[in-house]
Amino acid sequence: AIATTVKIGNGTPNYTSELLHKLGEKLPRDIVIEVVNEAGTSRFKREGIHRREARDAMSAVKIAERKG
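Since the structure is predicted, the reported quantities are computational estimates derived from the model, not experimental observations.

Cut-offs applied
Residue numbering note: each chain is counted from 1, following its sequence as written. pLDDT decides what is reported in this predicted model: residues at 70 or higher carry local features, side-chain atom pairs at 80 or more are listed and counted, and totals for whole chains, interfaces and linings draw on all residues regardless. The side-chain quantities take in all heavy atoms of the structure and omit both hydrogens and water. Following DSSP output, two strands are said to pair if at least two bridges run between them. Helix and strand assignments come from DSSP, with helices taken as H or I runs of at least 4 residues and strands as E runs of at least 2, each series counted from the N terminus. Orient the strands so they point away from the viewer; a crossover is then right-handed if the path from the first strand over the helix to the second runs clockwise. A pair is scored as a salt bridge if a Lys or Arg side-chain nitrogen falls within 4 Å of a carboxyl oxygen belonging to Asp or Glu. The classification of residues rests on relative accessible area computed with a 1.4 Å probe and restricted to protein chains. Under 20% of the type maximum is buried, over 50% is exposed, and intermediate values are partly exposed.

A separate point is the pairing of strand S1 (residues 5-9). Note that S1 and strand S2 (residues 32-36) share five bridges and pair parallel. Note that in S2 the partner of Val-6 across the bridge is Ile-33. In this fold, S1 hands off to helix H1 (residues 13-26), which returns the chain to S2; that crossover is right-handed.

So, on to the pattern of salt bridges. All chains considered together, the criterion is met by one salt bridge. We note a salt bridge from Lys-22 to Glu-18, for which the minimum N-O separation is 3.0 Å. Pair noted here: Lys-22 and Glu-18 are both in helix H1, with a separation of four residues, about one helical turn. Residue Lys-22 is classed as partly exposed on the basis of its relative accessible area, which comes to 45%. According to the relative accessible area criterion, Glu-18 is partly exposed, its value standing at 42%.

What follows is the structure, encoded as structure tokens:
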């Protein structure tokens, strides 16, 4: 069986730590939580994409594509 992986960015250390803790409490034990470098994932602001939701979604896709 293929393990399900949840990837989160390492942007803000305090937020990342809190999120890891909460996910660890709530997600089933067979879910893998992976922290990845999120540097460069919010470049869309410079590319003229101004809707925050669209930028956040694009950044999330970039984070999901990263290797930890």
